[in-house]
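# Summary of the model geometry
Each chain, letter by letter, is given below.
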Amino acid sequence: MDARTPDLTPDTAGWRTDAPVTKSLAEVNATIALPVAGRQWRRLLAFVGPGYLVSVGYMDPGNWATDLAGGSKFGYTLLSVILLSNLMAILLQSLAARLGIVTDRDLAQACRATYSPPVNFLLWVACEAAIIACDLAEVIGTAIALKLLFGIPLIGGALLAALDAFLLLLLMNRGFRFLEAFVIALLAVIAVCFAVQIAAAAPPVAEVLRGFMPKSEIFTNPEMLYIAIGIIGATVMPHNLYLHSSIVQTRAYERNDEGRREAIKWATTDSTIALMLALFINAAILVVAAATFHKSGHSDVAEIGQAFELLSPLLGLGIASTLFAVALLASGLNSTVTATLAGQIVMEGFLDLRLPSWARRLLTRGIAIVPVIIVTAIYGERGTADLLVFSQVVLSMQLPFAVIPLVRFVSDRRKMGKFAIPAYVATIAWIVAGVIVVLNLKLLFDTLFG
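Here the structure is a predicted model, which means the values were calculated and not measured.

About the criteria used
Residues numbered from 1 in each chain as written. Predicted model: local features only at pLDDT ≥ 70, side-chain atom pairs only at ≥ 80, totals over all residues. Heavy atoms only, no water. Core = buried A, V, L, I, M, F, W, Y, C linked by side-chain atoms within 4.5 Å. Buried < 20%, exposed > 50% of the residue type's maximum accessible area, 1.4 Å probe, protein only. Contact = heavy atoms within 4.5 Å. Axes fitted to C-alpha atoms, helices over the stretch in contact; angles between N-to-C directions. Helix = DSSP H or I, 4+ residues; strand = E, 2+ residues; numbered from the N terminus. Parallel < 35°, antiparallel > 145°, perpendicular 65-115°, else oblique. Left-handed = near helix turned anticlockwise from the far one by under 90°. Nonpolar A, V, L, I, M, F, W, Y, C, P; charged D, E, K, R; others polar. Patch = residues over 30% accessible without salt bridge, like charges linked within 9 Å, V, L, I, M, F, W, Y side chains within 5 Å. Areas by Shrake-Rupley, 256 points an atom, 1.4 Å probe, with all protein chains shown as cover. Salt bridge = Lys/Arg side-chain N within 4 Å of Asp/Glu carboxyl O.

## A few points about the nonpolar core
- In terms of nonpolar packing, the biggest core is built from 145 residues, with Leu78, Leu179, Phe194 and Leu341 touching the most fellow members.
- Apart from residues no more than four positions distant in its own chain, Leu341 is found in contact with Leu25, Leu53, Leu168, Met172, Phe176, Leu179, Leu243 and Ile247.
- By size, the runner-up hydrophobic cluster in this structure holds six residues, among which are Ala133, Met237, Val394 and Leu395.

See below:
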């Protein structure tokens, strides 16, 4: 069968016949072998990886700003919002994995094979805008971390952050497993850094647990509601849905019903466990802010630089601020690497461009990084907090254009056959999509006119 012709069975029809598609990330598609036999944990370990690449987007520097603001101003109250947004993310990422495994298409390719060329072009432009906005937060976060740790000027740090495209090339040339191992190692660094800070902050366990219980005050206090919406807007990243639907296909599972069923099970398990780690890290940022800043009366800490300066003195732990900056650097580096990969997936999926892999990555990285460098040079240090907020607003604007097609596709029996999600799951998914759309529109309105 031609490499550009998808393997369509009668159960998975419903695609445009004039939209041929290459394999998603063709150079690594189905390259990771799975154990033919053995215990269940060996099968799970073979699928471990994509979920952690996806989880990176749920703890990027854009999340840090909202978590710091929520913890310093309102203590532990908004932990319930972090939990809710994480549950939404677990559902949506499981749907993205299901789409990729069942249809052999990533979300961008599925859009291209469903919608008209003008609609697809607009979706691509919107998605590129989201990736640029995501890069804005990630590169600024990396640049701030380099400045805090090594005194490198902000614009110099932003330029250094652009070199991650070469890092991605190096890792991908060694195999997709090397890329996954690199990301997981940096996630471990972030987790250890915050575990030490939480131990130093010694937050009251009872108050932390109560924070995970929703409170009506979140809806009645406009300022608290605004930050809560910001947390949700910063958590669910549109490019992660494109990314996940592609990288699950790197596993060489049997492309039949039984193989797909097992792949869905293990891929969902992988992403759920990884996103629980993201929950811990996001909650840890808020808990440290609450136990350190809110408790001491510093309720206006919302910028990363402020948090760095205050952490060590307030905690009485000299290394606390350094650990905070190291975790930020690891977060920014991880996020830019995965965003670069997502940019390649989006460009190939929507436009079906066929270029050498190194050229594709440099092109997609260039589209995203040039505006980031320009804006960082113009605004400098004083505007970084505003730029982080701006990036989350742009992401909020694009999110419905990824969530709605995803839920529509996985609910469609013509496209998914027997793997279409049940009616009750579809109902929950549409409710989640509706909540995200409404809350993000409110965030956008309040930011522009509030």
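## A closer look at the packing of helix H9 (residues 176-201) against helix H14 (residues 257-294)
- For the pair H9 and H14, interaxial distance at closest approach is 10 Å and the crossing angle is 30 degrees. One element, H9, and the other, H14, form an angle in the roughly parallel class. You can see that H9 and H14 cross each other, and the crossing is left-handed. Listed contacts from H14 to Leu187, Ile190, Ala191, Phe194, Gln197, Ile198 and Ala201 of H9 are Leu277, Phe280, Ile281, Ala284, Ile285, Val288, Ala291 and Thr292.
- In terms of residue class, the contact of H9 with H14 is made up of 13 nonpolar, two polar and no charged.

## Section: the packing of helix H1 (residues 40-47) against H14
- Where H1 contacts H14, the two axes come as close as 9 Å, and the packing angle between them is 70 degrees. In terms of orientation, H1 lies roughly perpendicular with respect to H14. Contacts between H1 and H14 pair Gln40, Arg43, Leu44 and Phe47 from the former with Glu262, Ala263, Lys265, Trp266, Ala267, Thr269 and Asp270 from the latter.
- Looking at the contact of H1 with H14 residue by residue, the classes come out as five nonpolar, two polar and four charged.

## Notes on a nonpolar patch on the surface
- Taken together, the side chains of Phe121, Leu122, Val125, Leu351, Leu353 and Leu363 define a hydrophobic patch exposed on the protein surface, amounting to about 500 Å² of accessible area.
- It is helix H6 (residues 117-150) that contributes the most residues to the nonpolar patch, three residues altogether.
- With respect to the helices and strands, Leu353 occurs in the loop between helix H16 (320-351) and helix H17 (357-379).

## Notes on the side chain of Asn29
- Mapped onto the secondary structure, Asn29 falls in the segment before H1.
- Its relative accessible area of 13% is what places Asn29 among the buried residues.
- Among all residues touching Asn29, those that are not within four sequence positions of it are Lys23, Ser24, Gln249, Thr250 and Arg255.

## Digging into the pattern of salt bridges
- Evaluation of the coordinates by the stated rule reveals ten salt bridges.
- Close ionic contact of Arg260 with Asp104 constitutes a salt bridge, the shortest N to O distance being 3.2 Å. Taken together, the residues span a long stretch of sequence, with Arg260 in helix H14 and Asp104 in the loop between helix H4 (79-103) and helix H5 (107-112) at a distance of 156 residues.
- Assessed through its relative accessible area of 8%, Arg260 is described here as buried.
- Connected via shared salt-bridge partners are Asp104, Arg255 and Arg260.

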